[in-house]
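# Observations on the model geometry
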Amino acid sequence: MANKFPNSHFTPTSLLYFLLLFSSITTTPISAINITALLSSFPDLSDFASLLSSSSVASDLSHRSSLTLLAVPNPYLSVSSDLTRRLSPTSRADLLRYHVLLEYLSLSDLRRISPSGKLVTTLLQTTGRATNNFGSVNITHDPLTDVVSVRSPAPYLPSNATVLNLVKNLPYNVSIFAVNSLLVPYGFDLMASETRPPLGLNITKALIDGHNFNVAASMLSASGVVEEFEADEGGAGITLFVPTDAAFADLPSNVRLQSLPADKKAVVLKFHVLHSYYPLGSLESIVNPVQPTLATEDMGAGSFTLNISKVNGSVAIDTAIVQASVTQTVFDQNPVAIFGVSKVLLPREIFGKNPVLTEKPGTPVSSGGAQPPEIALSPDNSAGINGSPSHLSYPPGFREDMRSESATIGLRSMSLALCCIGLYVMV
């Protein structure tokens, strides 16, 4: 076939080959960040690396494409080592998350920061457990002394730490800086687990005594996760949303909890638990409506979250496919709160994205609690769970992981390919 465009340097075959080659190059996924491997070359950071690898934080970081880590060398970390060992696993992980900045900062970037400071979001902010913007750090640079300081954004707190030196730099992806102290977020008490022992509540017994929660008590006991819940009573405490027996009876026929594999069944149960103590009044005025659950900690930031709000005078809980309400208080004594809920909370990550259970207006609540709210799955609710809400607890770019970045690169590749075709036709 004759070339219709004699002035062109490309034949249709060569152009197609070029586009296929270009597409294969530009859509190659970016390598995951192995923060433990990066720290392994620095013996002075071995203790900090060990803390990261023993928590879920190291695996969380592998899903990110850019970050700045503030690592504490062994001599400085040893001062607080006894305290960190006393913390619950989640509290220890949250403390480490406060050392992960969700943007890439080079040494020159730090030196360009003004003395008034720059507010940078940390991985802690994404959990929803940090109130307001206290999951961020304020970084300041003194041009006279060239000292870079990092502290909580609370203006009345002294500087938490000083940057010692740049340890490792992979341009535009990872920077690791050494700091001279653990960074402690506002409101975080390192002595909490030492001064307040766990309540020691037998959760299964409390549910059986509540009379309406026999199915939940049986499932918790059989799965073994109740022991993990009781172990987590210390530190920030826990809040359980327990479906009533009627809620289990109301499950549609296509939802078979008992047929799930043991690991998924455990995830569903953990999806009903917040790793913070929230009495009813706190739930009604909750600051961050999108709340991570214990399942979030196992499965990764941004997944298995609950949207909690106050609707028609009741606490509403939205999973994106189930809308439920708090019907009664089963137990409430710091650090444990247990609430009865009108529906089994089904995570969309396991049961799909289509609503399967919706509260019907006027449906009576079996336990004598408040009338369940009339909740519709609105675009706003959906955006709050699937995307980044406007509140700082899910800052812009928080969900920027390898997959989203690869998708973005793929779209750019397609746009560029279309431009090439346009130029080819024009020529």
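Whatever comes next refers back to the structure up there.
Given the structure is predicted, the values throughout are model-derived calculations rather than measurements.

Cut-offs used in this document
- Residues numbered from 1 in each chain as written.
- Predicted model: local features only at pLDDT ≥ 70, side-chain atom pairs only at ≥ 80, totals over all residues.
- Heavy atoms only, no water.
- Helix = DSSP H or I, 4+ residues; strand = E, 2+ residues; numbered from the N terminus.
- Buried < 20%, exposed > 50% of the residue type's maximum accessible area, 1.4 Å probe, protein only.
- Contact = heavy atoms within 4.5 Å.
- Areas by Shrake-Rupley, 256 points an atom, 1.4 Å probe, with all protein chains shown as cover.
- Core = buried A, V, L, I, M, F, W, Y, C linked by side-chain atoms within 4.5 Å.
- Pairing = 2+ DSSP bridges.
- Phe/Tyr/Trp six-rings, centres within 6.5 Å; stacked < 30°, edge-to-face > 60°.
- Salt bridge = Lys/Arg side-chain N within 4 Å of Asp/Glu carboxyl O.

Secondary structure summary: the chain contains 19 helices and 14 strands in total. Taking all 427 residues of the chain together, 48% fall into the buried category. Pairs at least 24 apart in sequence give 68% of the contacts found in the chain among residues at least 6 apart. When the accessible surface of the chain is summed, it comes to about 19900 Å², and 57% of that surface belongs to carbon and sulfur atoms.

This part covers the nonpolar core. Ranked by internal contacts, the top residues of the largest apolar core, which has 47 residues, are I35, F48, L69, I139 and I176. For this core, the element with the most residues is strand β7 (residues 174–179), which contributes five residues. In this structure, L207, M219, L240 and V322 belong to the second largest nonpolar core, which totals 34 residues.

Pairing in this open sheet of seven strands is mixed, and the strands run β9-β8-β14-β13-β12-β11-β10 from one edge to the other. Each edge of the open sheet carries a strand with a single partner, namely β9 (273–274) and β10 (290–292). When β10 meets strand β11 (residues 305–311), the two strands line up antiparallel, connected through three bridges. Residue pairing across strands places Q291 opposite L306, the latter belonging to β11.

A few words now on the packing of aromatic side chains. Within this structure, the stated rule accounts for three aromatic pairs. Ring geometry for Y104 versus Y172: centroids 5.9 Å apart, planes at 55 degrees, classification tilted. Residue Y104 is found in the loop between β2 (100–101) and α8 (107–111), and its partner Y172 is found in the loop between β6 (161–170) and β7; the two are separated by 68 residues along the sequence. Since its relative accessible area comes to 15%, Y104 is described here as buried. Geometrically, the ring pair formed by F271 and F304 is edge-to-face, given 6.1 Å between the ring centres and 80 degrees between the ring planes. With F271 in the loop between α14 (262–270) and β9 and F304 in the loop between α16 (294–299) and β11, this pair connects stretches of sequence that are 33 residues apart. Across the pair, F304 and F271 agree in class, each one buried.

Attention now moves to the pattern of salt bridges. Where charged atoms from two side chains of opposite charge come close, those side chains can pair. Under the defined criterion, the tally for this structure stands at eight salt bridges. Between R97 and D94 there is a salt bridge; the shortest N-O distance is 2.7 Å. Here the residue R97 and the residue D94 both occupy positions in helix α7 (residues 89–97), the gap between them amounting to three residues, near one helical turn. An identical accessibility class is assigned to R97 and D94; each is buried. Of the charged contacts in the structure, one is a salt bridge between D146 and R111, with a shortest N-O distance of 3.4 Å.

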